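Tertiary structure, described
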Amino acid sequence: MTDGLMIGVRFALYVNLMLLFGLPLFGLYALRGPERTQSAVLPFRGLILWLSAFAIGLSVLSIFAMTASMAGVSLSEVDRASVNTMISETPMGNAWQARIAALFITFLLSLVLGARKSAAWLLLVSIVSGAALASLAWTGHGAATAGDLGTRHLAADIVHLLAAGAWLGALAALVAMLFRPLGSTTVDQLRVLHQILHGFSRVGAVIVALVVASGLVNSWILVGPAHLFSMASSLYGGLLIAKLGLFGAMLGLATVNRFRLTPTFERAIQSNETLAAVRQLRKSLIAETGAAVAVLGLVAWLGTLEPPMSM
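Given the structure is predicted, the values throughout are model-derived calculations rather than measurements.

Quick look at the packing of aromatic side chains
Inspection of every chain in the model, using the stated rule, returns three aromatic pairs. Consider the rings of Phe 26 and Tyr 29, whose centres lie 5.7 Å apart with planes at 75°: the pair is edge-to-face. Taken together, the positions of Phe 26 and Tyr 29, both in helix H1 (residues 2–30) and three residues apart, correspond to about one turn of that helix. For Phe 26, a relative accessible area of 0% corresponds to the buried category. Seen from their ring centres, Trp 167 and Phe 247 are 5.9 Å apart, and the 75° between their planes marks the pair as edge-to-face. Residue Trp 167 is located in helix H7 (residues 147–178), and its partner Phe 247 is located in helix H9 (residues 235–271); the two are separated by 80 residues in the primary sequence. Three or more aromatic residues joined by ring pairs form one cluster here, namely Phe 26, Tyr 29 and Phe 200.

Focus on helix H3 (residues 44–71)
The terminal C-alpha atoms of H3 lie 40 Å apart, and with 28 residues this matches the ideal 40 Å at 1.5 Å per residue to within 8%. Remark: Gly 72 follows H3 within two positions and exhibits a positive phi of approximately 70°.

Topic: empty space enclosed by the protein
Under the counting rule described, the total for this entry stands at one cavity of 30 Å³ or more. Considering only enclosed or pocket space, the largest cavity measures out at about 90 Å³ in volume. Lining the largest cavity, in full, are Met 6, Val 9, Arg 10, Leu 13, Tyr 14, Ser 62, Met 66, Arg 99, Leu 136 and Thr 139. Contributions of two or more residues to the lining of the largest cavity are made by H1 and H3. Counting residues per element, the lining of the largest cavity draws most heavily on H1, at five residues. Its residues assigned to classes, the lining of the largest cavity shows six nonpolar, two polar and two charged.

Conventions used here
- Residues numbered from 1 in each chain as written.
- Predicted model: local features only at pLDDT ≥ 70, side-chain atom pairs only at ≥ 80, totals over all residues.
- Heavy atoms only, no water.
- Phe/Tyr/Trp six-rings, centres within 6.5 Å; stacked < 30°, edge-to-face > 60°.
- Helix = DSSP H or I, 4+ residues; strand = E, 2+ residues; numbered from the N terminus.
- Buried < 20%, exposed > 50% of the residue type's maximum accessible area, 1.4 Å probe, protein only.
- Expected span 1.5 Å × (residues − 1).
- 1 Å grid on protein atoms, 1.4 Å probe; cavity = no way out; pocket = protein on both sides within 12 Å on 5 of 7 lines; lining within 4 Å.
- Points joined across faces, edges and corners; volume = space filled by probe spheres on them.
- Nonpolar A, V, L, I, M, F, W, Y, C, P; charged D, E, K, R; others polar.

Shown next, in the form of structure tokens:
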């Protein structure tokens, strides 16, 4: 029961904090000034306020779940003294404190400055929420690796988290914009949407490169070449293979979006026949987002298992 709770809380935190980081970052690099200030494009202030508040609640639940897991008791049996010890005397607790502080700052920044929806505000929110997302690295295997190797592992974990957050935030933003009723969408708005899709393809290449590079470092440390061909014999290895398969599907869908569906969408705008092109983009982005969410579910599960190199 405790393991199931830990996996669920970890999954919810991954999704929540990645969106909290990825959405404002998307607004910063993908949208221009007037587009950022229009709630009809993306209601950044409301989204960030709700995501910050929800992340604070999830983080409080997570510290209780981690304490219960380490003590081998149910959540209802966790006492305040044990939670205080976890917060004040462990690296995970220190990371948790930093995350809570970052989330409160993000909430306050959005409450006080969010109405302006400026590039400076989005930059500040991206930096602070990025720190909150990076704190999750201390709840994974990277924080348990000792010495210089542990430092490299932790750094790779942080890069992996931030790059994945940028990808998930972009997918969520694009899905939200694509699923507006076409009848109320003007040609100019469709052109803006195409411009955003086309622009993201360049940033997306950098994000994918960071995900792949940091993922290779993590896999080398956690699995190692000696266990490469025996991965499927363990639960950890089976889940990792499933994760890699889903990631491959995401790459395939992203490639189709970039080189086939986005150019088709541009031609459809010019001919004023956008319905079929938008439907294709919707299906592809939903499939890519679904694969991303499934990957995060597997990552949450993998974080509770012993990797091959530690066995």
